[in-house]
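Remarks on the overall topology
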Amino acid sequence: MTPRNTRVQRTVLAVAVLATFIAFLDGSVVNVALPAIGRELGGGLAAQQWIVDAYLLTLGSVILLAGSLSDLFGRRRVLLWGLIGFGVASVLCAAAPTAGILIVARGLQGVAGALLVPSSLALILSAFQGAAQARAIGVWTAITSLASIAGPIVGGVLVDTLSWRWVFAINLLPIAAALLLVRALPADAARTAGARVDWFGALLGVVGLGLPVFALIESGRFGWGSPVILGALALGAAGLVAFLLWERRVASPMLPLSIFRERDFSAGNVATAFLYGGVGVGTFALALFLQQGAGYSATAAGFAMVPSSVLLIALAAVFGRLSGRVGPRLLMTVGPAVAGVGFLLMLRIIADADYLTQVLPAVCAFGLGMAITVAPLTATVLGAVDSGRAGIASAVNNAVSRVAGLIAVALAGSVGGATIQLTGFHTLVSGAALASFAGAIVSGVWIRNPRPVPVATAGDHTGGAAVTHPDLQRS
């Protein structure tokens, strides 16, 4: 029988879900509001693109610093900073009189959002151990995945019935609920004596992540040969190299490179890069082909992916619990492979893209594969490091998944061209399938299942009763 969570554990899970849901929702809800924003504030297509990109750029640039701050100052405290910052930025967005101010406010939202996700997952890791941790991450995955469905629906209703400004103002409700719950969390542990913020490393990290992310976002507008893009890539690469060199020598690094010696952490992040690269290019290609090649409306193309989200929501917690019992290696191997089969099934889609016979089976297989994978993958990557580094571990994994998706979409644009027709679509989903299968191979070969480590047994020299240490050793 599965033991019941304590009151503190339930509160931790509720706070983690709410905080992450806020950040994820704001990444999807704004898209449907862009036409209405453009009509009122002007600025043209460039302004609309930056209303979306400012959030992605600052979130991706700051997330490593956010993870480090979470470990250094405490998850509860950093989560409070993120919630308050997100609330203030949401008010600025809702009241923005010009497109320029809205873009700046969206950038501030991205900074606050970067504080929310690593702290949320680190809270779960500190409150749950072993199989209970895998179950909790499964619940977190299932509920936060609702953002992918709720975002466009909530945004559309608010824009049509009230105003686009309510797309941002509505954030205040879940933020207020999360702030009330945070008060019930245990206080953070005392800050480690002598620990300090690695501000120079943080600056190098922002440059090393931010400029390549900028180049990937803007490559479609400027072109890969543009001095703007080439310069951003070159400076970003230099910043990343300098960041790694600095982190090797500084006494209190923002990113302790020693965590990459943990086999499951490194292997899990490689698997993440392959899987989310495949997801990025495959879902991007499907959404565009259904509209540009098969003649679906934007609404119909959006709803085409809903079954995959429903499967993820319905089954993520189930596979999280199963991972806690059988170990993550099997699920992290089977899941990406099933997702890859889903992309291969998209090769059956022809010009008319009949939904029931061609699109739906592929979407369902993809969704099942993601449901099998996400909770075990997250639990494995974060569980591979000690709990004191859970914030930076979560930040690294989030950065890997986001940058992998951005790279994949940028490359997809160069393969698919201005519009994606059948041949280009088949090429892109074939690449997505190969990336997913590569993630399965990495997991199958390098991920290790955990086993309980006995601390003491009856009759040993300690004279203690038989107990099991909550930490896990990899085998």
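Everything below is about the structure printed above this text.
Reading the values: the criteria
- Residues numbered from 1 in each chain as written.
- Predicted model: local features only at pLDDT ≥ 70, side-chain atom pairs only at ≥ 80, totals over all residues.
- Heavy atoms only, no water.
- Helix = DSSP H or I, 4+ residues; strand = E, 2+ residues; numbered from the N terminus.
- Buried < 20%, exposed > 50% of the residue type's maximum accessible area, 1.4 Å probe, protein only.
- Contact = heavy atoms within 4.5 Å.
- Areas by Shrake-Rupley, 256 points an atom, 1.4 Å probe, with all protein chains shown as cover.
- Axes fitted to C-alpha atoms, helices over the stretch in contact; angles between N-to-C directions.
- Parallel < 35°, antiparallel > 145°, perpendicular 65-115°, else oblique.
- Left-handed = near helix turned anticlockwise from the far one by under 90°.
- Nonpolar A, V, L, I, M, F, W, Y, C, P; charged D, E, K, R; others polar.
- Expected span 1.5 Å × (residues − 1).
- Arc of directions from axis to C-beta.
- Polar contact = N/O pair within 3.5 Å; in protein donor to acceptor, adjacent residues only side chain to side chain.
- Phe/Tyr/Trp six-rings, centres within 6.5 Å; stacked < 30°, edge-to-face > 60°.
- Patch = residues over 30% accessible without salt bridge, like charges linked within 9 Å, V, L, I, M, F, W, Y side chains within 5 Å.
- Salt bridge = Lys/Arg side-chain N within 4 Å of Asp/Glu carboxyl O.
- Core = buried A, V, L, I, M, F, W, Y, C linked by side-chain atoms within 4.5 Å.

**Observations regarding the overall build of the protein**
Helix and strand counts for the protein come out as 18 helices and two strands. For the protein, the residues scored as buried account for 51% of the 475 residues in total. Taking the contacts inside the protein whose residues are at least 6 apart along the sequence as the reference set, 82% of them involve residues at least 24 apart. If you sum the accessible surface of the protein, you get close to 19800 Å²; carbon and sulfur atoms cover 68% of it.

**Observations regarding the packing of helix 10 (residues 199-222) against helix 11 (residues 227-249)**
Where helix 10 meets helix 11, the closest approach of the two axes is 7 Å, and the angle between their N-to-C directions is 155°. Considered as vectors, helix 10 and helix 11 are oriented roughly antiparallel to each other. Of the two possible hands of crossing, helix 10 and helix 11 adopt the one that is left-handed. Class assignment for the residues of the contact of helix 10 with helix 11 results in 17 nonpolar, six polar and two charged.

**Side note on helix 15 (residues 328-345)**
With 18 residues, helix 15 should cover 26 Å at 1.5 Å per step; its first-to-last C-alpha distance of 26 Å lies within 8% of that length. Within helix 15, the full set of buried residues consists of P328, L331, M332, G335, P336, A339, G340, G342 and F343. Projected onto a plane normal to the axis of helix 15, the buried residues spread over an arc of 160° and lie on a single side.

**Observations concerning the side chain of Q358**
In this structure, Q358 sits in helix 16 (residues 355-383). At 3.0 Å, the side chain of Q358 and the backbone nitrogen of I350 are in polar contact. Those residues in contact with Q358 that lie beyond four places of it in its chain are L345, R348, I349, I350, D352 and A353.

**Points about the packing of aromatic side chains**
Enumeration according to the criterion identifies eight aromatic pairs in this entry. Between W50 and F214 the ring centres are 6.0 Å apart and the planes differ by 25°, which places this aromatic pair in the stacked class. Within this pair, whereas W50 is found in helix 3 (residues 44-73), its partner F214 is found in helix 10, the two being separated by 164 residues in sequence. Across the pair, exposure class does not vary: W50 and F214 are buried alike. Geometrically, the ring pair formed by F260 and F265 is edge-to-face, given 5.3 Å between the ring centres and 65° between the ring planes.

**Details of a nonpolar patch on the surface**
A cluster of nonpolar side chains, I84, V88, L92, V104 and L108, forms an exposed patch at the surface whose accessible area comes to about 440 Å². For the nonpolar patch, the secondary-structure elements that each account for two or more residues are helix 4 (75-95) and helix 5 (99-127). In terms of residue count, helix 4 provides more of the nonpolar patch than any other element does, three residues in total.

**Some words on the nonpolar core**
Ranked by internal contacts, the top residues of the largest apolar core, which has 105 residues, are L83, I124, L290 and F425. Of the residues forming this core, the biggest block, 13 residues, is contributed by helix 16. Not counting the four nearest positions on each side in its chain, F425 is found in contact with A285, L286, F289, M346, I349 and I420. L25, A33, A147 and V159 belong to the second-largest nonpolar core, a separate cluster that totals 24 residues.

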